[in-house]
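A look at the structure
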Amino acid sequence: MPTLGQRLKMLRNTHNMKQSDLAEVMHVSKFTVSAWERDLQKPDYNRLESLSRIFNVNLSYLLGENDDNSPPVPDIDEQAVWADNDIEALQNAAKMLTQLSFSSRMIIRASISQAYQIEKEAGTLRKGYDVTMTRYGTDDGTPADEEQLEPDCGEAK
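The numbers attached to residues start from 1 for each chain and follow its sequence in the written order. A pLDDT threshold of at least 70 governs which residues receive local features in this predicted model, and a stricter bar of 80 or more applies before side-chain atom pairs are shown or counted, although totals over entire chains, interfaces and linings include all residues. With hydrogens and water excluded, all non-hydrogen atoms of the structure serve as input to the side-chain values.

1. Some remarks on the nonpolar core
We define a nonpolar core as any set of buried Ala, Val, Leu, Ile, Met, Phe, Trp, Tyr and Cys residues linked to one another through side-chain atoms lying within 4.5 Å. The buried label applies to any residue whose accessible area, calculated with a 1.4 Å probe on protein chains only, is under 20% of its type's maximum; exposed applies above 50%, and partly exposed to all values in between. Counting residues in hydrophobic clusters, the biggest one holds 16 residues, and the most contacted among them are Leu-8, Leu-22, Trp-36, Leu-51, Phe-55 and Leu-62. Counting only elements with at least two residues in this core, the list comes to α1 (4-14), α2 (19-26), α3 (30-37), α4 (45-55) and α5 (59-62). Secondary structure elements follow DSSP: runs of H or I of four or more residues count as helices, runs of E of two or more count as strands, with numbering from the N terminus.

2. Section: the confidence of the model for the protein chain
The share of residues in the protein chain with pLDDT of 70 or more is 69%, and the mean pLDDT across the chain is 77. What pLDDT conveys is the predictor's confidence in a given residue, as a value from 0 to 100. In this description, contact between two residues means that some pair of their heavy atoms is separated by no more than 4.5 Å. Note that residues 141-152 has pLDDT below 50 and, in this model, 30 contacts with residues that lie over four places away or in other chains.

3. Some remarks on the side chain of Glu-37
With respect to the helices and strands, the residue Glu-37 is situated in helix α3. Setting aside residues no more than four positions away along its own chain, Glu-37 makes contact with Gly-5, Gln-6, Leu-8, Lys-9, Arg-12 and Gln-19.

4. Considering the packing of aromatic side chains
Centre distance within 6.5 Å is the pairing criterion for rings of Phe, Tyr and Trp, where only the six-membered ring of Trp is used; planes under 30 degrees apart are then read as stacked, over 60 as edge-to-face, and the remainder as tilted. All told, the structure shown has zero aromatic pairs when counted by the stated rule. The ring of Tyr-61 carries the charged tip of Arg-7 above its face, separated from the ring centre by 3.8 Å. When the NZ atom of lysine or the CZ atom of arginine is within 6 Å of a ring's centre and also within 35 degrees of its normal, the charge is said to sit over that ring.

Okay, here's the thing in structure tokens:
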């Protein structure tokens, strides 16, 4: 599979863009784009999302994880997802999560765990489920190399 840099250069050329054109759209220098294409640096997650939208490909394709260059999954309406009692929206988000690569799921789990810990320490958690932190492992169910924790939601209060 091609690297992120190779894929990015190919997509840029396919769209008849110069490095300076992409740099302008991404609000970075052309030297940064060059470093991305030579795999000397990697764009941060927000920039990866922007690149996938610009080139109308999904993140897995852009990252060189597969050859499926289908368009990116549209953003979920945040208001619908986080509305109280909106079980259907949460179920759809869970279905989308199951289609992500293991590394992407770990990024999301880590982000949720970190946000939970920050709000717990600040005392700003909303009332709802009892949550304890439990260990999770790798994609095949084996324990992870390092201890990792994620919330385990109990019964609603």
